Amino acid sequence: MKPVNIGFGNVVNEDRIVAVVSPEAAPIKRIVQLAKDNGSAIDATCGRKTRAVIICDSGHVVLSALLPDTIAGKTSKNEEKNAD
């Protein structure tokens, strides 16, 4: 398991991440709403504005207050650390 910090002490297994996207586009908003309706949405924003949506291979949708670029940067850093 390779944990990726998504803000405020929350982590996601890097192997489960399919995509990290911005929540601004209409299709992503629909995905988030469907996940909330199905109970597969995980809100890890701690009451802050959603800046990234993480889509997992398990069908879960994780909401984060960090920017997608920040999360992606943390992912590549984890890969570099494991290579050493």
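Refer to the structure above for everything that follows.
**Q** Hey, could you run me through the overall build of the protein chain in this one?
**A** When its secondary structure is counted, the protein chain shows two helices and six strands. Along its sequence from the N terminus, the protein chain presents helices and strands in the succession β-β-β-α-β-β-β-α. Looking at the protein chain as shown, the accessible area adds up to about 5,200 Å², and 51% of this sits on carbon and sulfur atoms.

**Q** Is there a simple way to explain the nonpolar core in this structure?
**A** Taken as a class, soluble globular proteins show a tendency for nonpolar side chains to be buried jointly. Judged by nonpolar contacts, V4, I6, V12, I17, A44, A52, I54, C56, V62 and I71 together constitute the single largest core of 10 residues. Mapped by element, the contributors of at least two residues to this core are β1 (3–7) and β5 (52–56). Looking at this core, the element that brings in the most residues is β5, giving three residues. The residues touching A52, leaving out its near neighbours within four places in the chain, are V20, V21, P23, V62, L63, S64, L66, L67, P68 and I71. Counting six residues, the second-largest nonpolar core is a separate cluster that includes V32, A35, V61 and L63.

**Q** It is not clear to me how the pairing of strand β6 (residues 61–64) should be interpreted in this structure. Could you clarify?
**A** The side chains of a regular strand alternate between both faces of the sheet. Neither face of β6 is left uncovered, since the one carrying V61 and L63 and the one carrying V62 and S64 both have all their residues buried. The pairing of strand β4 (residues 41–43) with β6 spans three bridges and is parallel. Of the residues in β6, the one forming a bridge with A41 is V61. With four bridges joining them, β5 and β6 adopt antiparallel strand pairing. From the neighbouring strand, I54 faces β6, where its bridge partner is V62.

**Q** Even after reading the chapter, I still don't get the pattern of salt bridges, so can you show me in this structure?
**A** Two side chains of opposite charge can pair, provided their charged atoms sit close to one another. Here the structure, examined in full by the defined rule, presents one salt bridge. A salt bridge links R16 to D57; the nearest nitrogen and oxygen atoms lie 3.2 Å apart. Here R16, found in the loop between β2 (10–13) and β3 (17–21), pairs with D57, found in the loop between β5 and β6; they are 41 residues apart in sequence, far enough to count as distant. Relative accessible area serves as the criterion here: at 45%, D57 is assigned to the partly exposed category.

**Q** Help me understand the sheet that holds β3, please; the structure alone is not making it clear to me.
**A** One key point about sheets: their strands pair by backbone hydrogen bonds, in either a parallel or an antiparallel sense. Read across the open sheet, the four strands follow the order β3-β5-β6-β4; overall the sheet is mixed. The open sheet is flanked by β3 and β4, the only strands paired with a single partner. With strand direction ignored, the average angle separating the axes of adjacent strands in the sheet is 20°. Where β3 lies against β5, four bridges are found, and the strand directions are antiparallel. Each residue of the ladder has a partner; that of A19, found in β5, is I55. Strands in contact with helix α1 (residues 26–38) are β3, β4, β5 and β6; relative to β6, the strand with the most contacts, it is inclined by about 115°.

Conventions and cut-offs
- By convention here, each chain's residues receive numbers from 1 onward along its written sequence.
- In keeping with the predicted nature of the model, local features appear solely for residues at pLDDT of at least 70, side-chain atom pairs appear and are counted solely at 80 or more, and the whole-chain, interface and lining totals rest on all residues.
- Based on all heavy atoms of the structure, the side-chain values leave hydrogens and waters out of the count.
- Every helix listed is a DSSP run of H or I at least four residues long, and every strand listed is a run of E at least two residues long, numbered separately from the N terminus.
- Note that accessible areas follow from Shrake-Rupley with a 1.4 Å probe, and for residues the cover is restricted to the protein chains shown.
- Put simply, buried Ala, Val, Leu, Ile, Met, Phe, Trp, Tyr and Cys residues joined by side-chain atoms within 4.5 Å make one nonpolar core.
- Each residue gets one of three labels from its accessible area relative to the maximum for its type: buried under 20%, exposed over 50%, partly exposed in between, using a 1.4 Å probe on protein chains only.
- A contact between two residues is defined here by any heavy atoms of the two lying within 4.5 Å.
- At least two DSSP bridges between two strands are required for those strands to pair.
- Any Lys or Arg side-chain nitrogen located within 4 Å of an Asp or Glu carboxyl oxygen qualifies as a salt bridge.
- Every axis in this analysis is a line fitted to C-alpha atoms, fitted for helices over the stretch in contact. Angles between the N-to-C directions lie between 0 and 180 degrees.

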